[in-house]
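# Understanding the architecture of this molecule
These are the residues of each chain, in order.
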Amino acid sequence: MTDYRTAPPSEVRSLIRREIITANTSGMCAGYAQANLVVLPRDLAFDFLLFAQKNPYACPVLEVCDSRFTSEIADGADIARDLPRYRVYEYGEMTGEYLNVEHLWRDDLVSFLIGCSFSFEAELLEADIPVRQIEEGRNVPMYVTNIPCRPAGVFHGNVVVSMRPMTPEQAIRASIVTSAMPRVHGKPIHLGDPAAIGIRDIDRPDFGDSVTIRPGEIPVFWPCGVTPQAVLMAAKPPFAITHAPGHMFITDVKNTALKY
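Residues numbered from 1 in each chain as written. Predicted model: local features only at pLDDT ≥ 70, side-chain atom pairs only at ≥ 80, totals over all residues. Heavy atoms only, no water.

Per the secondary structure count, the protein includes six helices and 11 strands. Against the globule reference of 18 Å for 260 residues, the protein gives a C-alpha radius of gyration of 17 Å, in line with a compact fold. Taken along the three principal axes of its C-alpha coordinates, the protein extends 50 × 40 × 35 Å. With 260 residues in all, the protein has 57% of them scored as buried. Carbon together with sulfur atoms contributes 51% to the accessible area of the protein, which is approximately 10,900 Å² in total. Charge separation in the protein, taken as the distance between the mean sites of 24 positive and 31 negative side-chain charges, equals 2 Å. (Helix = DSSP H or I, 4+ residues; strand = E, 2+ residues; numbered from the N terminus. Rg over C-alpha atoms; globule rule 2.2 N^0.38 Å. Buried < 20%, exposed > 50% of the residue type's maximum accessible area, 1.4 Å probe, protein only. Areas by Shrake-Rupley, 256 points an atom, 1.4 Å probe, with all protein chains shown as cover. Lys, Arg positive; Asp, Glu negative; His and termini not counted. Charge placed at Lys NZ, Arg CZ, Asp CG, Glu CD.)

All told, the structure shown has one cavity of 30 Å³ or more when counted by the stated rule. The volume enclosed by the largest cavity comes to roughly 60 Å³. If you trace the largest cavity, you find 13 residues lining it, with Asn 36, Cys 116, Met 142, Cys 224 and Met 248 closest to the centre. Partitioning the lining of the largest cavity into residue classes produces seven nonpolar, six polar and no charged. (1 Å grid on protein atoms, 1.4 Å probe; cavity = no way out; pocket = protein on both sides within 12 Å on 5 of 7 lines; lining within 4 Å. Points joined across faces, edges and corners; volume = space filled by probe spheres on them. Nonpolar A, V, L, I, M, F, W, Y, C, P; charged D, E, K, R; others polar.)

Further remarks concern the pattern of salt bridges. Scanning all chains against the criterion turns up 13 salt bridges. Its salt-bridge partner being Arg 68, residue Asp 78 comes within 2.4 Å of it at the nearest N-O pair. Taken together, the residues span a long stretch of sequence, with Asp 78 in the loop between β2 (61-65) and β3 (86-90) and Arg 68 in the loop between β2 and β3 at a distance of 10 residues. We note a salt bridge from Glu 217 to Arg 132, for which the minimum N-O separation is 2.7 Å. Of this pair, Glu 217 sits in the loop between β8 (190-191) and β9 (218-223) while Arg 132 sits in helix α4 (residues 132-135); the two residues are 85 residues apart in sequence, bridging distant segments of the chain. (Salt bridge = Lys/Arg side-chain N within 4 Å of Asp/Glu carboxyl O.)

The sheet built from four strands is open, its strands ordered β6-β7-β9-β8 with antiparallel pairing. Looking at strand neighbours, the two that pair on one side only are β6 (142-148) and β8, the edges of this open sheet. Across two bridges, β8 lies against β9 in antiparallel orientation. In the strand pairing of β9, Leu 191 is matched with Val 220. Helix α5 (residues 168-179) contacts β7 (158-166), β8 and β9 of the sheet and is inclined by roughly 15° relative to β9. (Pairing = 2+ DSSP bridges. Contact = heavy atoms within 4.5 Å. Axes fitted to C-alpha atoms, helices over the stretch in contact; angles between N-to-C directions.)

Further remarks concern the packing of aromatic side chains. Applying the stated criterion to the full structure yields six aromatic pairs. For the pair Phe 120 and Trp 222, a centre-to-centre distance of 5.1 Å together with 45° between the ring planes defines the contact as tilted. You can see Phe 120 sitting in the loop between β5 (109-115) and α3 (121-126) and its partner Trp 222 sitting in strand β9, a full 102 residues away along the chain. Look at Trp 222 and you get buried, because its relative accessible area is 0%. (Phe/Tyr/Trp six-rings, centres within 6.5 Å; stacked < 30°, edge-to-face > 60°.)

Turning to helix α2 (residues 42-54), a few remarks are in order. With 13 residues, α2 extends 19 Å from end C-alpha to end C-alpha; this agrees with the ideal 18 Å at 1.5 Å per step. By the burial criterion, the buried members of α2 are Leu 44, Ala 45, Asp 47, Phe 48, Phe 51 and Ala 52. On its buried side, α2 packs onto β1 (32-41), β2, β5 and α6 (227-235). (Expected span 1.5 Å × (residues − 1).)

Let us now look at the state of the cysteines. Here the structure, examined in full by the defined rule, presents zero disulfides. Here Cys 116 stays unpaired: no disulfide links it, and the sulfur of Cys 224, its closest cysteine neighbor, is 7.0 Å away. Residue Cys 116 is classed as buried on the basis of its relative accessible area, which comes to 4%. (Disulfide = S-S within 2.5 Å.)

Across the protein, pLDDT averages 94, with 99% of residues at or above 70. Averaged pLDDT values over the elements of the protein bottom out at 89 in α3 and peak at 98 in β8. (pLDDT = per-residue confidence, 0-100.)

As structure tokens, then:
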């Protein structure tokens, strides 16, 4: 498998656009921020923006676009083609997964690029804190919790979290590292017992892949940008496009630019 950890974002986006890269983007373009995607019809865009503002750790907005192309976090990237995998939802049901959504694009769509926890993984690795899904070549495990989001307009639902196992000492250091990066979810939302936040089986994530939790380690949970997908399933808008979990938009923005 080709190692894209040191590749520039523009090169990786080009490979994604050509459908050469279709895998999850964890570990790619180390040092550069990655983003989740939510695309909605314009008549729902204000409600979602308000929802994101009321739930900033789960949905930290990096850019809002009223066309197919980004301008702030990447110069002219194509939102319909520059993510490795997309999901389409209609009335809360996933109706398809695609390598591009150019054929579904409409003039009335508004896109939200939302900060992703993949962005702080390079910072964790630099601090000698392990990132298990990178070690095991898997997607990060993600879980729907019993923690309610603050509702806004038609949007409501529960927070989704991503999980990385580590020792308690590593978890303390990880909290310090990530608390300085609120635009990519910030500090953990929970440490330890999964049942306390409504997760019944840590080995069966709702999204992504399970990873090994070694003796002496605890699960550490961060708010996750897949939260909007759970919200879309609850709110049931007529049409929406998202990234497939773990298959992110890679920006031209350095992680260091997103720190306090």
